[in-house]
Amino acid sequence: MPVVVVESPAKAKTINKYLGDNYTVLASYGHVRDLPPKDGSVDTENEFDMKWEVASDSKKHVKAIADALSSDNELILATDPDREGEAISWHLQEALTKRKSIKKDTPVSRVVFNQITKKAVTEAMQNPRQVDMPLVEAYLARRALDYLVGFNLSPVLWRKLPGAKSAGRVQSVTLRIIVEREMEIEAFRAREYWTVKALLTTPRGQEFEARLTTLAGKKLEKFDLADATQAEMAEQAITSRDLSVTSVEAKPTTRNPSAPFMTSTLQQEASRKFGMGAKATMSTAQRLYEAGHITYMRTDGIDMAPEAVVMARDAIKDRYGSEYVPKEQRIYKNKAKNAQEAHECIRPTDMAKDARSLNLADDQAKLYDLIWKRTLACQMASARLERTTVEVGSKDGQVGLRATGQVVLFDGFLRVYEEGRDDVVDEDDKRLPQISEGDKTDKRSVTPEQHFTQPPPRYTEATLVKRMEELGIGRPSTYASIVTTIQDRGYVRREGQRLIPEDKGRLVTAFLENYFRKYIGYDFTADLEDQLDQVSANDANYKEVLGRFWRDFSAAIAETADLRITEVLEKINEVLEPHLFPPLEDGGDPRLCPNCGKGRLSMRTARSGGAFIGCSSYPECRYTRPFGPPNPEAEASAIPPDGKLLGEDDGDEIRVFKGRFGPYVQRGAVTEENKKPPRQSIPKDWPPEELDLERALMLLSLPREIGPHPEDGIMVWSNIGRYGPYLKHAASTSDRGGTNANLADIDEVFTVGMNRAVQLLAEKVASRGGRGAAAKPLRELGEHPVAGGAVNVMKGKYGPYVKWEKINATIPETIDPDDITIDQAVHLIDERAEKAGKKKPAAKKKATPKKTAAKKPAAKKKAATKKSD
């Protein structure tokens, strides 16, 4: 019975249905080996030899496959049909050979299928092959490059640019795209312009809207009406003249459907229509693929299998009628440079099944519906439209207006699907009334409208993936992870759908552009991707590709060895000067400190990883402002490196700081006598720039004592932890035991009373069957005779045991738990400690008397807010 290995249990379950009991189907749970994150994992001195390790959480999965092979001596590798899937198969074969689970006589084969259907799986099993080594070598080259860049460039960033986290071969180039767009936006200067529109009527009294296109006999350009005065003159020119229709032109047009989805277009459309991120889209698509509903979702291909085209045309005819089926099949040709990435398009495996018939979860249903509609639409008839242009003018030819309209004569594919747009374009899709040349038109209203040119829009995940695709950066299997990584690193934040670079991201980009410009170049990165594609096509040697890259890259790394941080910061100041210190209106020096009038302003890095603008005369002058161009409003609310003073309480300054792990409030200053003044993190929902003294004191009053629990007298507390607001029933908030219960919101921390607290804690204990409440001993045997501490008999899942501190020892069946003595219990504890490699309980040392020290003044806390229920 052959052993079949796939990546995931979901895929294994689906395939098992088709293969039946004649095969053992197991999951590898993704990649089983990786390069350990340490020096020497890629040996640049020994032909780029790579030292792989089986990941700790993969060992049990490899063992399960090895165990299965011990009784079934045939291995079929059925991982995904792309470079990553090929790599997983290769890793499995290598790892199993190394542990001698694959023997000389063990047949090993590789099968691939683009969709998980009975037909596709059966055909794949009948056409096995060996692991595709050129594809594996392309993976090895890519993985080695990522390691060499990340492992060598990231430490340079850490040393030369405090707060930077990492750099990557493709992530840094993607970050550059976002940073450059932001700088375009900041450099943009809006320009005013005006348009004039008129609401006109036909002789039959039907209204339509037209816009001014000709004035004083000349065609109007965009900026010809530059201000309100010129717009008013244009308005008067229209109102003072009689108008009539000078021409009517109706042109038939057609609209063709978009090609079916590949990875990048699916990510873009899911972002436009549902706001789904690239990672969420791919995760949802993966589940649809593994359940057998769609074809493989990582592809550069847009072609459809002939049988799929026939299936789609049949489904269109059945649902919408034969007039929606074009005479000829629509053929879409792949544009992918790399044939190894160009699998079939992403489409349903059964066109007759819509989302409702599959009973899918919400996100899966939405994404499947999108794929199903796009696939049907791509094989449907074109939409037929009629576009009408009406020209209206005065007899003297001084004034001309234009109205456009569009009507759909036959909806065709639009009945099913219309592609979304990244940025809305104003189109005249309205229907115009019946009108003829020579008709007089009356004016209902003439309206001038002010406009300003708009900066280029920030990237969304959809438009970023589109731009990466245009530049040839990344591949279908990497788009989602790259976009996610730059957000996880804190280089980019997402506001709504838009991606905005953080200070860290700007600084890293500025550093790399100065010292590693070649390696974040768009052409260089795209060319490297092309070389890797050549490796996968067996047209290039991957070690030669690595050798050429490493020769130049290692030299560039070496050149930065002697760079000083001050030198790096000054260089970045120079590069970012137009952005950070724009020219002043009065012609003064934009880098002169406005506070002391002597020092020079420059960019500085904070320990927390951010950046700010500070004065060179520090500490005499403590002027700071936020990183970026001067902004009086932002400066007023900003938190400087030495904290923002909120006020005083009982003689202590209360300040807000931005720390390495987030913003916090602090009572008093750090001194020799008070090295750790009281601090409290600020909740995520409270903007630190808007925090006032009252709320700061509320935070500093935590943890808050609600009172002793009425049942056992142990204290109940409310507090804010790393996972949000909560209650704790324990002797102290630092006690690891006790019971915790979540609170609904931050405000409840300061207002919850005992009745509500008791109810929430009881619900928490009940919801987990009493877990979390301290287990009661079956018998208390007394103190440990040598080391002290209670020795108890406890009830366990696998039988009774004795417990002393952190040591649990099972009670043998020969001893009755009701009769066990303290001596027998201590003997069992000693045996268990020795077996576990722990020291046996030793007698407690007598505490040496401590010298009396002067007491430090206690930290001051504000009285807790009044309780309420």
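Here the structure is a predicted model, which is why all the values come from computation and not from measurement. (Residues numbered from 1 in each chain as written. Predicted model: local features only at pLDDT ≥ 70, side-chain atom pairs only at ≥ 80, totals over all residues. Heavy atoms only, no water.)

Student: Mind showing me how you'd approach the sheet that holds strand 19 (residues 611-615) here?
Tutor: Across a sheet, paired strands are connected by hydrogen bonds in the backbone, their directions being either parallel or antiparallel. Here we have three strands laid out as an open sheet, ordered 18-19-20, and antiparallel in their pairing. Two strands in the sheet have a free side with no partner beyond their single neighbour: strand 18 (601-605) and strand 20 (624-626). Direction aside, the axes of adjacent strands within the sheet are offset by 35° on average. Where strand 19 lies against strand 20, three bridges are found, and the strand directions are antiparallel. Bridge pairing links phenylalanine 612 to proline 626 in strand 20. The strands touched by helix 18 (residues 565-580) within the sheet are strand 18, strand 19 and strand 20, with strand 18 carrying the most contacts at an inclination of about 120°. (Pairing = 2+ DSSP bridges. Helix = DSSP H or I, 4+ residues; strand = E, 2+ residues; numbered from the N terminus. Axes fitted to C-alpha atoms, helices over the stretch in contact; angles between N-to-C directions. Contact = heavy atoms within 4.5 Å.)

Student: For this particular structure, what's the right way to read the pairing of strand 31 (residues 801-804)?
Tutor: Along a regular strand, successive side chains alternate from one face of the sheet to the other. Bridge analysis of strand 30 (residues 790-794) against strand 31 gives four bridges, and the strand direction is antiparallel. Within strand 31, the residue paired with asparagine 792 across the bridge is lysine 803. Here strand 31 pairs with strand 32 (residues 807-810) via four bridges, running antiparallel. Note on strand 32: the bridge partner recorded for lysine 803 is asparagine 808.

Student: Just checking my understanding: could you explain the side chain of histidine 91 for this structure?
Tutor: Among the secondary structure elements, histidine 91 is positioned in helix 3 (residues 83-98). Its relative accessible area of 0% is what places histidine 91 among the buried residues. Within the structure, histidine 91 has its side chain in polar contact with the side chain of tyrosine 139 (distance 3.1 Å). The contact partners of histidine 91, leaving out residues within four places of it in the chain, are His31, Val32, Arg33, Trp52 and Tyr139. (Buried < 20%, exposed > 50% of the residue type's maximum accessible area, 1.4 Å probe, protein only. Polar contact = N/O pair within 3.5 Å; in protein donor to acceptor, adjacent residues only side chain to side chain.)

Student: Help me understand the sheet that holds strand 8 (residues 108-110) in this model?
Tutor: Pairing in this open sheet of four strands is parallel, and the strands run 2-1-7-8 from one edge to the other. The open sheet is flanked by strand 2 (24-27) and strand 8, the only strands paired with a single partner. On average, each strand axis in the sheet is inclined to that of its neighbour by 25°, with strand direction left out of account. With three bridges joining them, strand 7 (residues 75-77) and strand 8 adopt parallel strand pairing. Residue leucine 75 lies in a different strand from strand 8, and its bridge partner there is valine 108. Helix 2 (residues 59-71) contacts strand 1 (3-6), strand 2 and strand 7 of the sheet and is inclined by roughly 165° relative to strand 2.

Student: What's the story with helix 18 in this structure? I'm lost.
Tutor: With 16 residues, helix 18 extends only 19 Å from end C-alpha to end C-alpha; this falls clearly short of the ideal 22 Å at 1.5 Å per step. Here helix 18 has its buried residues at Val568, Leu569, Ile572, Asn573, Leu576, His579 and Leu580. If you follow the buried residues of helix 18, they end up packed against helix 5 (133-160), helix 6 (171-187), helix 15 (503-515), strand 18, strand 19 and strand 20. (Expected span 1.5 Å × (residues − 1).)

Student: What am I meant to see in unusual backbone geometry here?
Tutor: Negative phi characterises most residues that are not glycine, and trans characterises most peptide bonds. Look at the link from tyrosine 618 to proline 619: it is a cis peptide, with omega at 10°. Position of proline 619 relative to the elements: it lies in the loop between strand 19 and strand 20. Here leucine 702 and proline 703 are connected by a cis peptide whose omega angle stands at -5°. As for its position among the elements, proline 703 is in the loop between helix 20 (693-700) and strand 25 (704-708). If you check the backbone angles, phenylalanine 48 has positive phi at about 60° while not being a glycine. A relative accessible area of 8% places phenylalanine 48 in the buried class. The backbone phi angle of alanine 216 is positive, close to 55°, even though this residue is not glycine. For alanine 216, the location among the structural elements is in the loop between strand 10 (207-215) and strand 11 (218-219).

Student: What is the right way to read the pairing of strand 26 (residues 715-721) from this model?
Tutor: Summarising burial for strand 26: six of the seven residues are buried, a large majority. The sheet contact formed by strand 25 and strand 26 spans four bridges and is antiparallel. Within the sheet, the bridge partner assigned to proline 708 lies in strand 26 and is methionine 715. With antiparallel pairing between neighbouring strands as the criterion, strand 25 and strand 26 make up a hairpin whose turn holds six residues, including glycine 713 at a positive phi of roughly 80°. For strand 26 and strand 27 (residues 724-729), the ladder comprises six bridges, and the chain directions are antiparallel. If you follow serine 718 over to strand 27, its bridge partner there is leucine 727.

Shape is all these values report; function is a separate question.
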